[in-house]
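# Report on the structure
Here are the chains, one letter per residue:
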Amino acid sequence: MHLREPEHRPFEHTPAARRSRVAEWKVGEQRLYLGDCLELLPRLADNVVDVVVTSPPYNLGIAYRSYEDSLPRTEYLDWMGRVAAELRRVLKADGSLFLNVGSTNADPWVAADVAETFRKHFVLQNHIIWVKSISIGDDTVGHFKPINSRRFLNHSHEAIYHFTTEGRTEVDRLAVGVPFKDKSNIARWGHVRDKRCAGDVWFIPYRTVQSKAQKFDHPAGYPVELAERCIRLHGVEKAKVLDPFAGTGTTLVAAAILGCQGLGFELDEEYARTAAARLKSL
Ligand SMILES: C[S@@+](CC[C@H](N)C(=O)[O-])C[C@H]1O[C@@H](n2cnc3c(N)ncnc32)[C@H](O)[C@@H]1O
């Protein structure tokens, strides 16, 4: 998965050209480029990516360092549509795109609207719910951002849309499976091992942190385990993994842990540097 040279490289040796050259980090099998994914994606060849795991800005006014997360809705969805078209082009026919998008009580439709935009280019194969916090009986496990409201419940889940090109991509359900609770079901249903599909509700809590620094000073990262699960579910060994909105490099960290080749794009230099540092510290 290499980026092609830009077609036109005029004035290559001028200071302006040097300034506009894309910064790049290579750590083991992981590559990270600083820049706008819509400028970098066209430099990837067609059908080269096995798995995309990504979380774009949700347009909810999140305070990122560089990106302004509050576009007019139509402009935002138009942008998402252009990203979706590029991702469709670079994804292999049997590839998987895992798109994590959240919403809020104030804007409950944004995740569905983004999914609808991607629907023009992909088939929705699985709709996974990422549960960050859950109460069972009187016990609560996990964290969420509490809201002060007389109308709304605390928001403790987000969507992970599993898009594929035709809706027929085979996945390795047992790679992210769980042991049978009732072991007699193994023989009764003709299973060869003590593993069953874990379903499409994934409880992946954030780990407890005391400071923003422990969240890598990024307002919207997801847990490494989330990206790991997506890659393992796709089930291709040494998969080529892409994250066009790499943030602090969580997807690439997961790719590195799983022995995959990862490629990430990130607009903000500080986040990209953090991502590179995370990868180096593995
Ligand atoms: C939801 S965050 C991704 C967080 C990431 N999953 C992590 O765990 O760190 C979205 C990221 O997209 C970046 N971004 C926004 N516009 C971009 C663009 N046009 N190209 C590349 N990255 C962009 C933002 O700076 C932000 O870090």
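Preceding this paragraph is the structure being described.
Let us look at the structure shown here. Bear in mind the structure is a predicted one, so any value in this text is a computation, not a measurement.

Turning our attention to helix α4 (residues 110–119). Along α4, the residues classified as buried are V110, A111, V114, A115, T117 and F118. For α4, the buried positions fall inside an angular range of 155° around the axis, keeping them on one side. The secondary structure elements touched by the buried residues of α4 are α3 (73–90), β4 (91–101) and β8 (157–164).

Moving on to the packing of aromatic side chains. Applying the stated criterion across every chain yields a total of 10 aromatic pairs. One aromatic cluster in this structure is built from Y64, Y67, Y76, W79 and F245. Lying over the aromatic face of W130, K132 brings its terminal NZ or CZ to 5.0 Å of the ring centre. One Lys or Arg, R278, reaches over the ring of F216 and ends 4.0 Å from the middle of that ring.

Okay, the site of the ligand next. With respect to spatial proximity, 22 residues lie near the ligand, and among them C37, H218, T248, T250 and E266 are the closest. Here an oxygen atom of the ligand and a side-chain polar atom of T248 are 2.8 Å apart. In the complex, 99% of the free accessible area of the ligand, which totals 600 Å², lies under the protein chains. Its residues placed into classes, the shell around the ligand shows 13 nonpolar, 7 polar and 2 charged.

Let us look at helix α8 (residues 269–280). Here α8 is 12 residues long and its end C-alpha atoms lie 16 Å apart, about the 16 Å a rise of 1.5 Å per residue gives. Burial in α8 covers these residues: Y271, A272, A275, A276, R278 and L279. An end-on view of α8 places all buried positions within 160° of arc, on one side of the element. Two or three places before E270, at the opening of α8, D268 has a side-chain oxygen 3.0 Å from that residue's backbone nitrogen.

For the rest of this paragraph, the subject is the side chain of H162. With respect to the element layout, H162 can be found in strand β8. Reaching out from H162, the side chain makes a polar contact with the side chain of S96 at a distance of 2.8 Å. If near-sequence neighbours (up to four positions away) are discounted, H162 is found in contact with S96, L97, F98, V123, L124, Q125, N126, I128 and V171.

What follows deals with the pairing of strand β2 (residues 30–34). In terms of burial, β2 is largely enclosed, as 5 of its 5 residues are buried. What you see with β2 is no split at all: Q30, L32 and L34 on one side and R31 and Y33 on the other are buried throughout. Hairpin connection, strand β1 (residues 24–27) to β2: the antiparallel pair is bridged by 2 residues, and G28 has positive phi, about 60°. As paired elements, β2 and strand β11 (residues 261–266) share 5 bridges and run parallel to each other. In the sheet register, Y33 faces β11, and the bridge partner there is F265.

Let us now look at the nonpolar core. Judged by nonpolar contacts, the single largest core of 39 residues is most densely connected at L44, L87, V114, F118, L242 and F265. Elements represented by at least two residues in this core include exactly α2 (37–40), β3 (49–54), α3, β4, α4, β8 and β11. It is α3 that provides the largest number of residues to this core, a total of 8 residues. Dropping the residues within four chain positions of it, L44 is found in contact with M1, H2, L3, R4, V49, R89, V90, L242 and L263. Formed by 20 residues, the second largest nonpolar core is a distinct cluster that contains F98, I128, A227 and I231.

Rules of the game
Residues numbered from 1 in each chain as written. Predicted model: local features only at pLDDT ≥ 70, side-chain atom pairs only at ≥ 80, totals over all residues. Heavy atoms only, no water. Buried < 20%, exposed > 50% of the residue type's maximum accessible area, 1.4 Å probe, protein only. Helix = DSSP H or I, 4+ residues; strand = E, 2+ residues; numbered from the N terminus. Arc of directions from axis to C-beta. Contact = heavy atoms within 4.5 Å. Phe/Tyr/Trp six-rings, centres within 6.5 Å; stacked < 30°, edge-to-face > 60°. Lys NZ or Arg CZ within 6 Å of the ring centre and 35° of its normal. Near = heavy atom within 4 Å. Polar contact = N/O pair within 3.5 Å; in protein donor to acceptor, adjacent residues only side chain to side chain. Areas by Shrake-Rupley, 256 points an atom, 1.4 Å probe, with all protein chains shown as cover. Nonpolar A, V, L, I, M, F, W, Y, C, P; charged D, E, K, R; others polar. Expected span 1.5 Å × (residues − 1). Pairing = 2+ DSSP bridges. Core = buried A, V, L, I, M, F, W, Y, C linked by side-chain atoms within 4.5 Å.

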